Every structure is written in structure tokens, then in C-alpha cells.
Amino acid sequence: MKNINGIDEFLDRARTTTGLQTKPIIEGIEQANLYIYAEFDRGVAIESLVKQKSRLIDKILSVVIEQFIPPQQKNCCCLVAVGGYGRSELLPGSDIDLMLLLQKKPSKQLEEHISAFLTFLWDIGLEVGHSVRTIKDCIREGKADVTVITNMIESRLLHGTESLYAEFEKAIAPRKMWSSRRFFEAKLEEQHNRHLRFNDTAYNLEPNIKEGPGGLRDIQIIGWVAKRHFGASSFSELVDHEFITEAEHQLLEKGQQHLWKVRFALHRQAKRREDRLLFDYQNQLATEFGFKAGKHNLAIEQFMQAYYRTIMELERLNEMLLQIFREEIILTERQKKTSVINNHFMLRNRYLAVRDESVFRQHPPALVELFLLVSTHPKCDGVTASTIRLVREHLYLVDDKFRSNEEVTSLFMQLMSAPSGMTHQMRRMNSYGFLAAYIPAFGKITGRMQYDLFHAYTVDQHTIFVIRNLRRFALDKHEDEFPFCNEVYRELENPALLYLAALFHDIAKGRDGDHSVLGSDDAMQFCLQHNMNRKDTRVVSQLVRNHLVMSVTAQRKDISDPDVVRDFAKQVGSVGMLNYLYLLTVADIRSTNPKLWNNWKDSLLKQLYKATKQVIRRGIDIAPDIDEVIRENRDAAFEEMQDLEFSLSDITSLCDQLPGDYFLRHQPLEIRWHIKTILDNPKADILVNIRQARHTKTTKVFVYCDEHPFVFSQVTGVLGALGLTILNAEIFTTDNNKVMDTFIIQDQNNEAITDRTTIRHIESELIKALDSKSMYKSATQKRLSRQLKAFNRPTEIIFEQDYLNSRTVMQISAMDRPGLLSVIANVIATMDINITHAKITTLGEKIDDIFYLTTPEGKNIVDTSTLEELENRMTEALLSRKAA
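Residues numbered from 1 in each chain as written. Predicted model: local features only at pLDDT ≥ 70, side-chain atom pairs only at ≥ 80, totals over all residues. Heavy atoms only, no water.

## Comments concerning the overall build of the chain
If you tally the helices and strands in the chain, you get 40 helices and 19 strands. Projected onto the principal axes, the alpha-carbon positions of the chain cover approximately 105 × 75 × 50 Å. By sequence separation, contacts in the chain at least 24 residues apart represent 71% of the contacts at least 6 residues apart. If you average the places of the 112 positive and of the 119 negative side-chain charges in the chain, the two averages end up 6 Å apart. (Helix = DSSP H or I, 4+ residues; strand = E, 2+ residues; numbered from the N terminus. Contact = heavy atoms within 4.5 Å. Lys, Arg positive; Asp, Glu negative; His and termini not counted. Charge placed at Lys NZ, Arg CZ, Asp CG, Glu CD.)

## Topic: the nonpolar core
One finds L121, F325, F360, F434, L470, Y582 and L583 to be the most contacted residues of the largest nonpolar core, which totals 215 residues. With 16 residues, the single largest contributor to this core is helix α14 (residues 299-330). Not counting residues up to four positions away in its chain, the partners in contact with L470 are Y489, L498, Y499, A502, L583, L584 and A587. In terms of nonpolar packing, the next biggest core, distinct from the first, is built from 50 residues, V715, L766, F851 and L870 among them. (Core = buried A, V, L, I, M, F, W, Y, C linked by side-chain atoms within 4.5 Å. Buried < 20%, exposed > 50% of the residue type's maximum accessible area, 1.4 Å probe, protein only.)

## Focus on the packing of helix α10 (residues 216-230) against α14
Contact geometry of α10 with α14 gives a least axis separation of 9 Å together with a crossing angle of 20°. Between α10 and α14, the angle falls in the class roughly parallel. Both α10 and α14 take part in a crossing whose hand is left-handed. Taken together, the residues of α14 that come into contact with α10 (itself represented by D218, I219, I221, I222, V225, A226, H229 and F230) are L314, N318, L321, L322, F325, E328 and I329. Grouping the amino acids of the contact of α10 with α14 by side-chain chemistry returns eleven nonpolar, two polar and two charged. (Axes fitted to C-alpha atoms, helices over the stretch in contact; angles between N-to-C directions. Parallel < 35°, antiparallel > 145°, perpendicular 65-115°, else oblique. Left-handed = near helix turned anticlockwise from the far one by under 90°. Nonpolar A, V, L, I, M, F, W, Y, C, P; charged D, E, K, R; others polar.)

## Structural notes on the environment of R15
With respect to the helices and strands, R15 occurs in strand β1 (residues 15-16). Judged by relative accessible area, which is 40%, R15 ranks as partly exposed. Residues R15 and E66 lie 51 residues apart in sequence; the distance between their C-alpha atoms is 11 Å. Other than its neighbours up to four places away in sequence, R15 contacts L20 and V63.

## Topic: the sheet that holds strand β10 (residues 382-383)
Pairing is mixed in the open sheet, where four strands are placed in the order β7-β8-β9-β10. Strand pairing shows two members of the sheet lacking a second neighbour, β7 (338-340) and β10, which therefore form its edges. Of the strand pairs in this sheet, β7 and strand β8 (residues 345-348) are connected by three bridges, and their pairing is antiparallel. Residue pairing in the sheet places V340 in a bridge with M346 of β8. In the packing of helix α17 (residues 385-393) onto the sheet, contacts are made with β8, β9 (351-354) and β10, and the angle to β9 comes to roughly 55°. (Pairing = 2+ DSSP bridges.)

## Let's talk about a negative patch on the surface
Taken together, the side chains of D625, D627, E628, E632, D635, E639 and E640 make up a negatively charged region of the molecular surface. Tracing the backbone through its elements, the reader meets E640 in helix α32 (residues 626-640). What makes E640 partly exposed here is its relative accessible area of 34%. (Patch = residues over 30% accessible without salt bridge, like charges linked within 9 Å, V, L, I, M, F, W, Y side chains within 5 Å. Areas by Shrake-Rupley, 256 points an atom, 1.4 Å probe, with all protein chains shown as cover. Salt bridge = Lys/Arg side-chain N within 4 Å of Asp/Glu carboxyl O.)

## Some words on helix α36 (residues 711-721)
Among the eleven residues that make up α36, nine are buried, leaving the element largely enclosed by the rest of the structure. Buried residues of α36: V711, F712, S713, Q714, V715, T716, G717, V718 and L719, and no others. The first or second residue beyond α36 is G723, which carries a positive phi of 80°.

## Overview of the pairing of strand β14 (residues 738-746)
By the criterion of burial, β14 is predominantly enclosed, with nine of the nine residues buried. Both faces of β14 are covered, namely the face carrying K738, M740, T742, I744 and Q746 and the face carrying V739, D741, F743 and I745. Of the strand pairs in this sheet, strand β12 (residues 699-706) and β14 are connected by eight bridges, and their pairing is antiparallel. Across the sheet, T699 pairs through a bridge with I745, a residue of β14.

## A short note on the packing of aromatic side chains
Inspection of every chain in the model, using the stated rule, returns 32 aromatic pairs. Taken together, a centroid distance of 4.3 Å and an interplanar angle of 20° make the contact between F40 and F264 stacked. Within this pair, whereas F40 is found in helix α2 (residues 22-41), its partner F264 is found in helix α12 (residues 246-270), the two being separated by 224 residues in sequence. Look at F264 and you get buried, because its relative accessible area is 2%. Seen from their ring centres, Y582 and Y609 are 4.9 Å apart, and the 40° between their planes marks the pair as tilted. Separated by 27 residues along the polypeptide, Y582 in helix α30 (residues 575-592) and Y609 in helix α31 (residues 599-618) bring together distant segments of the chain. Owing to a relative accessible area of 0%, Y582 belongs among the buried residues under this scheme. An aromatic cluster is defined as three or more aromatic residues linked by ring pairs; in this entry it consists of F371, F402, F412, Y432, F434, Y438, F504 and F526. The ring centre of Y85 lies 4.9 Å from the NZ or CZ of R156, which sits over that ring. Looking at R182, its charged tip hangs above the ring of W178, at a distance of 4.1 Å from the centre. (Phe/Tyr/Trp six-rings, centres within 6.5 Å; stacked < 30°, edge-to-face > 60°. Lys NZ or Arg CZ within 6 Å of the ring centre and 35° of its normal.)

Shown next, in the form of C-alpha cells:
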């Protein structure tokens, strides 16, 4: 097919004396689609292709309806294109929205003709959405539902009498229903609710091109309101009405074209309508759009950054243009109140506006003053659209001279110390492009995504979320969320330093080198440029450099080991720095991915904070006596067990069989629980006891049985098969060869397991499995999730020797898979190696687990051939699991 008109040949072939044949039309549609795809690949303008697709459907419908609607009915029946098809904007998988407009209620015969017509459309493969309405129906349903009226105002006549269609247009005009004001207010509320469904951000891992903030719907709402208020049928007409500038019109058109191209390619890949940029398609789309992997930036990351920057621009335009409409449509002349704030700004209807359009040119520091005023003025709700436009037009003023201006730096530091509104202003500065202009390094991370399941947002959005979370620690109204963080926040010497560290902590992502070190250098330069003293500069720089240290220590090291805590305390140095770092760490983890934060991580960080604070106050260089710590913990446990019904000799006899590390890693109440469980059941060969943790949303599973190599394998296998997440494992063997293991678990929603029936089932399954004393083998292979299938991470295994504690540390980083932990346990067990402790961490699509290993004699594994064999076996087992 050389062009869309080629469909005529197929339509002619479809006509027979007995009616239309479906096969030639289906062939014609396939050929036409292939032609359109080829045109897309050839670089033909996307706006031309969406029109061509619409013309194709127009041609088909005009022929088909002639065959099904009798001539005598044509004067009382119209075929009308509505919605996206009404705009002549069809992409490969777009629905074809039709309305059959009738003069009166249809006869039974006409109903049958309409039904046959629609059935034929489905038979030839058209995805049709349809309604059958009289004009009275249109009036009734249009008045009742803003979605219906929106659909109807985007209509065009495809077939039928023009007089009936004209009557319909007159009936739904703004003076008859949905005035400009009501329509605007309804669409504004609709957009607000829609944005909330996407957490008020379009920067998700798998964004929705159509419905998400900054997506096609945000463009369409501008068109809908313009059409309702001005009767405008194109964005160019808004330029004629002087509502947007030609530059803004070009940005709007360019943004829409980019989203159309992405959606076009997505529909072709998915072979259906799909508006979510799923991981399944992102890699192939990046290749299709010509992106190539760089040294520090994957092709997919470049593709998504271009997408995110497009929707960010469209979000800003959407906000600005809807604000213009608000001023034009909603506010009457009497409501348009103004009050002067200072020489540069005034309030107009509670929105900040410049007093003179030349203010930024004459006094550039006013660009920063604007954000400070919006933050601090109690009667200011935002910025007028015309002022937003002026900010954007004057960003060229933000150069090195501007950044070194003392008034500018002073105003910016005032903003960082503002008592309220900081988060909103950070978002505003980012949206208007000011933040990227003022801090050029920030511009490089704007829209930057990381291709994994761990980082849920772009780097710039994540940064602003960190600042938001830190601000919540300062506010009493949010104290119920993290009361301990609010308590620590009140001890801060200068909270502005914390916000600056948050602003710079990820600013060097994607650069060559350690982003913490590079970001620390950027932060130091910025602080000195803003006339901060050396002490405060050092605090900000050190926070940025060490912003990952507390998280890594808490989640990947044995924080029950006093030496680990002491080493961390040396890095931190002071209680003041510890306070800053603790709050930054909590806010950072929570802002990375809300699904990955849980009470267990909260408890680990809190435990590390309290232990470190104690070490710093005692004196960092005073080494703890491990034996003394063990003795203190054991004595505290005995105090807790005084009320138990067992004799002191029985309790002592059992405790004497436990290794010293046991008392180091367990709290007194937990030791009491273990001892009571064992002494309550003196004849039981296998004990499984489950209870809720006191201060975290976790469940503890205590296992006591004869030692055999596959205890860890069986427990992890059963818990994994039941869909439970293991967060931590403490593994001990008594002097009389009994296993005393404690596992901390949660359900798939990061909650404790509280249902008694479920708990009894877990206990029963564990006892049954442990009784077999064999390697765990999964009865069924769980399917891999759709998102995990999109990733392919290499397996990395690292060994380190902990000579002080006579153990070998094995770190495994690999793709997450159902049942992976039991696979790891099986490999270790078959090599006659003991696990003494395990820290389990899932980072999106990969695991990053730590296992503390010893020989059967309780020593380090120092034989290199053994370690090499363990690594080879483990890699092979994990690859086999991945292939399965």
C-alpha cells in the first residue's frame, strides 16, 4: 500500500451482491497499519500519522455504515466520532469512540441494523467504544456527567444529516449546559483526583503516558477548557487569544508530539492499547528511539530521562495555563483584588505577582525573593501565571555573576531556613527550572532515573521527597509518624545544614566516580559560595560524603558486634553529626521507595543510633570488653527469668550450654522467651514457637531441634513457599548439639503475621519439614513476577575474613527469585559449612544478603580452594534458579 487511499481497493473488493465481506477489509487494515508503521520508522511527523490513522477509519466506517443503515433511516441517524477519534487523533491501539445520534428512540428494526453494524466492526478487528443516544439523551447524560459532555464536545460528523448534528451541537453548547466556569472547576477537580491516583507524581518507575501527571490528559484538559470557553479548536488559537505565547505553543506541541511518538511505539510493541511504560517495553523503546548506552548512563535511562523532562515541562505548562484560565474564567472583576507587598511584588487574589514586568531584568535577585515570599507570606497561595512566565523568560539571568551576588545567596539561605513551605518551594523552583539554573549540577539529575526496582523516582524528585520527609520531622502535626525522629530533630543545632545536605546528597548521580565524594565536593563549593562558616561547611560536606554509611552499617553489618558500632562511631565523630546523619538516613530510605521502608529497618537504624550515641558519650577510644557485655546481658536475662516456674539450676544448666555470642545478639526478654519455650516442653524433639515483636511490625519464629545440616534450608524454604519475607536470622548451636534459631519475618505487605490460623499452619509446616532432616525441595516452582522478568543482574559473591570473631563473611548480590534463600542454604549445607548469622536485604529486583560462615569447628574458612568451590557452586545454583 503506497498511501492510506489504498484502502479503497480493499473496500471495493469487500463489496458483493450479498453485502460486505470481512476478509478483504481485514487485509486492508493490516496493510494500512504496516504502511503507517513504515512511515513512522521513516521519520514521518507523528501528527501526520495520527491523522492518517483517523482518515483510514473514516473511510472504512463511511462504507460500512452505508451497508447497514437503510436509506430511509439516514435522515434521522448520524454517525459521530467522539473523544480522541473526534479530534482525529488515533494511535495504533487507540479505541475508536463512536456515537450513533438519533432523532428519536430507535425502532426495533433500526436497533437490529445498529447491532449488525457494530458487530461487523468488531468482526473486522476494530476496537469500538460506542453509545446510542437521542438529542434528549445527550442533554440528560451530558448535564449529569462531565466525562460525557467532555466526550461529546470533541465530536465531528462522519455520516448522516448535517441538520441533526447541528441541532446536537446547539443542545450541548455552554449556554445550555456546563458553563465555562462549571466545566473548568469540574475538570480541575477531575485532574486533581487523577493525579492523586499516581501519588501526585509522574516520576514513577512505570509511568502512565496518558493518565499520569504531565501526560496526554494534562494536555487534553487545556484543549477541552479552551474549546469550552473560547470555542478554540487548536492550541494555535490560544496564541491568537493572547493566552499563550508562541514559544509556549511550540513547547506544548513538541511535548504532545513526543508523547504521541512514545505511545505509538508502545502500542506497536504491545500489539494492543497500553499506556503504561512497563519495564517489559522500556529497553526496546530506548533502542527504537536511537539511544545508546554510555559509560555511566544506560540507553534506557537516557530514554526515560528524555520522557521525564518532557512531562515535567508539560506539567509546568499545565499549571500555568490552568492558572490563566482560572483568572479569566472564575474571577470576576470585583474579585480581582490586589495588595502591595514591597517594591517588587504584590498579591493578586492571593497569588504573587510582579508589580512591573521589568522587575527581574532591573533587579535579578527578585528571582529568589519570589520563592521566599511565597514560602513566608501567610496570605499567598501561589504564583500568577504571568509571573511564572516571566520567571521562565528570565532564567538567562542566572549566571555566575548572579550566583555570587550576596543578596541572592542571602535570600537563598533564608529560604533554606524558612519555618514553613520549603518543600513546596523546592518543587516550585524545580518546576520553573530555577533550581537547575541556580545549581547547574542539579540540572543534570533532573528527570534522571535508575533502571532498577529499588529507586522508585527520578533523582530530582527523590531529592525533593527527602527534603519533604525531613520537614515532617520538624512539625508537631506529623509527630505520630516518627516520634523518635521528631525528638532527635529538636536536638539539631542548625536544621538548615540538614536540608542542604539533602539537596546535594545525590547530586552527582550518573557522573564518573563515587557520587557521595563528588557530591561532597559540590556541597563544599556551594556552602563557601554562600558565605557559610567552615564548621557548617564541613558538616554539610561530611553528611553528603557519608550519607550511605549508616544505612549500610545497619542493614549489612552485625550491629550487635561492639567493634562494628565503635568503627561506625569513629566515622561519625560526634553526637551532633550522628543526629544529622540518622535523620538524613531515615528520610533518604523512605524517599527511595515507599514500599521498601518497614519497621524492621526503622528498628535497626534506631538500635545503631542508640548504641553509637552511648559509645560516643563513653569515649570512642575506650574499647568495649566483650566478655563484660556478654556477662551484663546474661545477668539481665536472669533477672527477667526470676518469675519462671523452673528451678535456677535448670535455667543455669540450659544457659551454660549456649555460646557467648547468643547473649550478645539477643535481648533479655527474647532470651526469657527461648528458655521458657524449651523448659516448657522438655520431651519435644522439635519446637517451633511464633510471637510478635514488641516494637516492630514483624513476627519472630523460634526453632529448637537437633542439629543437622539442613535446618536453615528447611526453615527458609518453608517460609519462602508460604510467601513470607525473612528479614534476619540468628543461628546458634548449643554445646549439646541443639539448634536455637530465630527468624524475623513479615508478610508480603511488610506486616506482622497476626492471624492465629496462619501462625499454627506455619508452625505445623516447619515441624513437618524439620522432622525430615533432609534438604528442602520445593514442591512447586513459583512464577517470576512480570517486573522481575525485565531485569538481568549478574551474580556477585564477595568473601571477607572477620578474624576477630573467627568467621568468614559472604556477601551475595544476585537477581531476586522465589525460593532463592533456600537454594543458598542448600549449597552451604552440602559443603559442611555452618551459618551463624544472616542479614537478608532485598533491593528492588536484587538481593544483597550477608552470611556469617564458619567451619564445623567454629573457625574462619581460610582455605581458598573451599571458598572457590563455594563460589562456583553458589553461582551455578543461582544461575540454574534464574533459568528455571
